[in-house]
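Chain by chain, the residues:
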Amino acid sequence: MPSITRRHLLGGIAAAAGTYGTYRLHRGAASATFESWTPESGTWPLRRYDPEGTAHNPNASPPRRPPTANEIASVLDPGRRPRLDPVVGPDHVVVSGTGAAAYPRTGSEGSVPVGPAALAGFGPDGRLHTVRPAPEPAVVDHGADGLRERSRVPLGVEGGGSDPTAIVVGASEVYVGVANGTLQAVDRAGRDWDVDGSLPTLAEGRLYAADAPLAGTVAYSGRRGLDRRLEPGPERVWSAGPVDGFPHRPAVADGRLVIGSYAEDGGAVVALDADTGDRLWDPRDLGADVSTPAVVGDRGYVTVDHGDGSGHVVALDLSTGETRWGDAVEFGAFGPVVGGDTLVVAGERRGDGGGVVRAYDTETGDVLWTHGVDHGPGGLALVDERVFVTAGPSLYRLA
């Protein structure tokens, strides 16, 4: 998305990591197993859906014909739009920014107050977790019943670089990246630790993170037995070095870690071996702001914002880095998500402040439909046969 606000939405609100208890975080032994998990059918909790960051919901079947848009609610004022990304839990769609609200997935009237939140994510047990902003940053456990606040843990991060970058809610721990390059984690027992890397991804028993100071993209091992009690954090397995520009959150699937980046002179897609950190092929320089691909098997679907009001949507063979199909678009494209055999992307038009949501056939690249919105979209989520999209101050359902 072309606005500088979106490109730097990693900064904005002071926060860090937390636990489920009601006491203050303290430094101690860690007990994180880094176990991944698969949400129930139709529940896809984080901005990129799963802890692996694939942006792929195999249970979704988004419309393949032009949909009808229904406004679920007017959410927040347009000034808060850059962080309005929908996250979907078992019963609610939650939008977060400097404030947050939850709406029934059914589209029925009414909302559930959530309170201020910079980031939000549902865990595999259906419980919502949010990161509260300064001046009293904290992680809040809202519980599954009515999304009421169950507990709040104050956070100890202050000063510059304390803005939250990403949240991943695992089966027994919560990970929150911070703009200063730190990844903070805590388990349900209240044992916490921190390591390098501000953009976490959790896959196949291993924790990965991008944007680690000097080290770039890193991988950490899961621990067993006494290691979890004696060491304050996990052991680093490999470091792959920085990518060009500012990285997006990585995605991990089928033994590959892929990551996109933003740079004024050209971002890129990079693919690494998830076990070793070795590069699988030369980086693909595709434009100024290159998304991390939405990953389905050996295919990656990338959106590109060239920064001049134009963009590209590209399907890559993740085994080789070769282009399978591409579409030059008249908007800055971002936010690729896949459900079934349908790719959906968002875009922002220059000049009139409006935007689009567009669907493609994943195999052929044929455009299935394009839906215009009055404001630049904030984010997309695919659930069942619906597309949830935030645009300006509103949350819409396309079906």
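The rules behind the values
- Per-chain numbering applies: the sequence of each chain, read as written, is numbered from 1 onward.
- Per-residue local features are limited, in this predicted model, to residues with pLDDT of at least 70; the limit for side-chain atom pairs, both in listing and counting, is 80 or more; totals at the level of whole chains, interfaces and linings are taken over all residues.
- In computing side-chain properties, one takes all heavy atoms of the structure into account and sets aside hydrogens as well as water.
- In this scheme, strands are said to pair when DSSP sees at least two bridges between them.
- Secondary structure elements follow DSSP: runs of H or I no shorter than four residues count as helices, runs of E no shorter than two count as strands, and numbering proceeds from the N terminus.
- All axes are obtained by fitting lines to C-alpha atoms, using only the stretch in contact for helices, and the reported angles, taken between N-to-C directions, cover 0 to 180 degrees.
- Put simply, a nonpolar core is a bunch of buried Ala, Val, Leu, Ile, Met, Phe, Trp, Tyr and Cys residues held in one set by side-chain atoms that sit within 4.5 Å of each other.
- The rule is simple: take the accessible area with a 1.4 Å probe, protein chains only, and divide by the maximum for that residue type; under 20% is buried, over 50% is exposed, in between is partly exposed.
- When checking whether two residues touch, look at their non-hydrogen atoms; a contact exists if any pair is within 4.5 Å.
- Surface patches are drawn from residues lacking salt bridges whose relative accessible area is over 30%; two like charges belong together within 9 Å, two nonpolar side chains (Val, Leu, Ile, Met, Phe, Trp, Tyr) within 5 Å.
- Per-residue and other accessible areas were derived by the Shrake-Rupley procedure at a 1.4 Å probe size, with only the shown protein chains allowed to occlude residues.
- The salt bridge criterion pairs a side-chain nitrogen of Lys or Arg with a carboxyl oxygen of Asp or Glu, the two atoms within 4 Å.
- We treat Lys and Arg as the positive residues and Asp and Glu as the negative residues; His and chain ends play no part in the count.
- In plain terms, the charge of a residue is placed at NZ if it is Lys, CZ if Arg, CG if Asp and CD if Glu.
- Confidence of the predictor in every single residue is expressed as pLDDT, which spans 0 to 100.
- Here a polar contact means two N or O atoms within 3.5 Å. Within protein one must be a hydrogen donor candidate and the other an acceptor candidate, and residues neighboring in sequence count only if both atoms are side-chain atoms.

(A) Local environment of the sheet that holds strand S17 (residues 206–212). If you trace the four strands from one edge of the open sheet to the other, you get S16-S17-S18-S19, paired in antiparallel fashion. Edge strands, defined here as strands with exactly one partner in the open sheet, are strand S16 (199–203) and strand S19 (236–239). Put simply, the sheet's adjacent strands are angled 20° from each other on average, direction ignored. Across three bridges, the pairing between strand S18 (residues 216–221) and S19 is antiparallel. Following the sheet pairing, Ala219 is matched in S19 by Trp238.

(B) Highlighting the nonpolar core. Counting residues in hydrophobic clusters, the biggest one holds 40 residues, and the most contacted among them are Val313, Leu343, Val344 and Leu380. Among residues more than four places away in sequence, those in contact with Leu380 are Tyr49, Pro86, Gly335, Val337, Val344, Val345, Ala346, Val357, Val387, Phe388 and Val389. Counting 15 residues, the second largest nonpolar core, distinct from the first, contains Val168, Leu183, Ala185 and Val218.

(C) Layout of the pairing of strand S28 (residues 332–339). Within S28, seven of the eight residues are buried, leaving the element largely enclosed by the surrounding structure. Bridge count for strand S2 (residues 56–57) against S28 is two bridges, and the pairing is parallel. The residue bridging His56 from the neighbouring strand is Val338, located in S28. Relative to strand S29 (residues 342–348), S28 runs antiparallel, the two being bridged by six bridges. Bridge pairing links Val337 to Val344 in S29. Following S28, the chain reverses through two residues before pairing antiparallel with S29; Gly340 in that reversal takes a positive phi of roughly 60°.

(D) Expanded view of a negative patch on the surface. Together, Glu204, Asp254, Asp275 and Asp298 make up a negatively charged patch on the protein surface. Looking at the secondary structure, you find Asp275 in the loop between strand S22 (256–273) and strand S23 (284–290). Taking the relative accessible area as the measure of exposure, Asp275 reaches 55% and is therefore exposed.

(E) Structural context of the pattern of salt bridges. Counted according to the given criterion, the structure contains eleven salt bridges. Among the charged side chains, a network of salt bridges with common partners joins Asp125, Arg127, Asp141 and Arg150.

(F) Layout of the sheet that holds S28. The strand order across the open sheet built from five strands is S2-S28-S29-S30-S31, with neighbouring strands paired in mixed fashion. At either margin of the open sheet sits one strand with a lone partner, and together these are S2 and strand S31 (367–373).

(G) View of the pairing of S22. Of all 18 residues making up S22, 14 are buried, and the element is well covered by its neighbours. Bridge count between strand S20 (residues 246–247) and S22: two bridges; the pairing is antiparallel. Residue Phe246 lies in a different strand from S22, and its bridge partner there is Tyr262. Bridging between strand S21 (residues 251–253) and S22 involves three bridges; their strand directions are antiparallel. By the bridge assignment for S22, Ala251 is matched with Val258.

(H) Quick peek at the confidence of the model for the chain. In the predicted model, the chain carries a mean pLDDT of 82, and 82% of its residues have values of at least 70. Counted against residues more than four places away or in other chains, residues 1–31, with its pLDDT under 50, gives 146 contacts. pLDDT under 50 marks residues 77–82. Its contacts with residues more than four places away, or in other chains, come to twelve contacts.

(I) View of the side chain of Thr342. When you line up the elements, Thr342 lands in strand S29. Classification of Thr342 by relative accessible area gives buried; the value is 1%. Engagement of the side chain of Thr342 in a polar contact is seen with the side chain of Asp341, the distance being 3.4 Å. Excluding residues that lie within four positions of it along the chain, Thr342 makes contacts with Pro62, Pro63, Arg64, Val337, Ala359, Tyr360, Thr362 and Leu368.

(J) Seen up close, the environment of Arg148. With respect to the secondary-structure elements, Arg148 resides in the loop between strand S10 (138–143) and strand S11 (151–154). Given a relative accessible area of 58%, Arg148 falls into the exposed group. As a C-alpha pair, Arg148 and Pro113 span 35 residues in sequence and 8.3 Å in three-dimensional space. Residues contacting Arg148, with those up to four places away along its chain left out, are Asp141, His142 and Gly143.

(K) Quick look at the side chain of Thr182. Structurally, the position occupied by Thr182 is in strand S14 (residues 182–187). Taking relative accessible area as the criterion, Thr182 reaches 17% and is therefore assigned buried. Ignoring any residue separated from it by four or fewer positions in sequence, one finds Thr182 in contact with Val176, Gly177, Asp194, Val195, Gly197 and Ser198.

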